[in-house]
Amino acid sequence: MDIDEARVLLLTNHHAVLATRRTDGRPQLSPVAVGVDNQGRVIISTRETAMKTHNLRRDPHASVCVFADSFFGPWAQIDGTAEVLSLPEALEGLVDYYQRVAGEHPDWDEYRAGMGRERRVLVRITIESVGPTRSG
């Protein structure tokens, strides 16, 4: 699998596990919904107070294992560098994320207000490598 193939996988498969690093170096694993933005970055919505947010602000290295929504089928490990965008800067990116992962929202004003109440952030991961590159 190459980076472009991983991006294609992200277009229609939104279940993933995000790996960040705890302060002691052990992995912090989090189930997440993922998409891919127009710049080809992995995008994830989470909360300002989440451990993954704290971990990525301290150490931006991240890995994502994205897999078919049915679980069995195509999958990829995506490694890269993350940036965390807080509100208000993140708001339109969060709208874009929702549209890519879930479609149209019935009330965008309510969605935007909810993002503020929930203290949402947008994580964008620049893809640096993917795998598997061969089967065993």
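Residues numbered from 1 in each chain as written. Predicted model: local features only at pLDDT ≥ 70, side-chain atom pairs only at ≥ 80, totals over all residues. Heavy atoms only, no water.

Undergrad: Please give an account of the sheet that holds strand β2 (residues 27-36) that cites residues and values.
TA: The 6 strands lie next to each other as β1-β2-β3-β6-β5-β4, forming a closed barrel whose pairing is antiparallel. Recorded for the sheet is a direction-independent mean angle of 40 degrees between the axes of neighbouring strands. Against the sheet, helix α3 (residues 91-102) touches β2, β3 (42-47) and β6 (120-131), its axis set at about 80 degrees to β2. (Pairing = 2+ DSSP bridges. Helix = DSSP H or I, 4+ residues; strand = E, 2+ residues; numbered from the N terminus. Axes fitted to C-alpha atoms, helices over the stretch in contact; angles between N-to-C directions. Contact = heavy atoms within 4.5 Å.)

Undergrad: Break down the packing of aromatic side chains for me, with residues and values.
TA: Scanning the entire structure with this criterion turns up 5 aromatic pairs. Judged by centre distance (5.0 Å) and plane angle (85 degrees), the rings of Phe71 and Phe72 are edge-to-face. One exposure class covers both Phe71 and Phe72, and it is exposed. Taken together, the aromatic side chains of Phe67, Phe71 and Phe72 make up a single cluster linked through ring pairs. (Phe/Tyr/Trp six-rings, centres within 6.5 Å; stacked < 30°, edge-to-face > 60°. Buried < 20%, exposed > 50% of the residue type's maximum accessible area, 1.4 Å probe, protein only.)

Undergrad: Can you lay out the side chain of Thr53 for me, pointing to particular residues and giving the numbers?
TA: Tracing the backbone through its elements, the reader meets Thr53 in helix α2 (residues 51-58). Apart from residues no more than four positions distant in its own chain, Thr53 is found in contact with Thr46, Arg47, Glu48, Val84 and Val121.

Undergrad: Residues and numbers for the nonpolar core, please.
TA: Among the nonpolar cores identified, the biggest contains 23 residues, and Val34, Val42, Ile44, Ile78 and Ile125 are the most heavily contacted of them. Elements with a contribution of two residues or more to this core: α1 (3-12), β1 (15-21), β2, β3, β4 (61-67), β5 (75-85) and β6. Of the residues forming this core, the biggest block, 5 residues, is contributed by β6. With near-sequence residues (within four places) excluded, Ile78 lies in contact with Ala6, Leu10, Val42, Ala62, Ser63, Val64, Val66, Ile127, Ser129 and Val130. (Core = buried A, V, L, I, M, F, W, Y, C linked by side-chain atoms within 4.5 Å.)

Undergrad: Outline the pairing of β6, supporting the account with residue identities and numerical values.
TA: Most of β6 is tucked away, with 9 of its 12 residues classed as buried. Summarising the sheet, β3 and β6 pair through 6 bridges and their orientation is antiparallel. In the strand pairing of β6, Ile44 is matched with Val123. In the sheet, β5 pairs with β6 via 9 bridges, with the strands oriented antiparallel. The residue bridging Gln77 from the neighbouring strand is Gly131, located in β6.

Undergrad: Outline the packing of α3 against helix α4 (residues 108-117), supporting the account with residue identities and numerical values.
TA: α4 packs onto α3 with a crossing angle of 120 degrees between their chain directions and a minimal axis gap of 10 Å. The angle between α3 and α4 falls in the class oblique. In the crossing of α3 with α4, the sense of the turn from one axis to the other is right-handed. Here α3 contributes Leu91, Glu92, Leu94, Val95, Tyr98 and Gln99 to the contact with α4, which in turn contributes Trp108, Tyr111, Arg112 and Met115. (Parallel < 35°, antiparallel > 145°, perpendicular 65-115°, else oblique. Left-handed = near helix turned anticlockwise from the far one by under 90°.)

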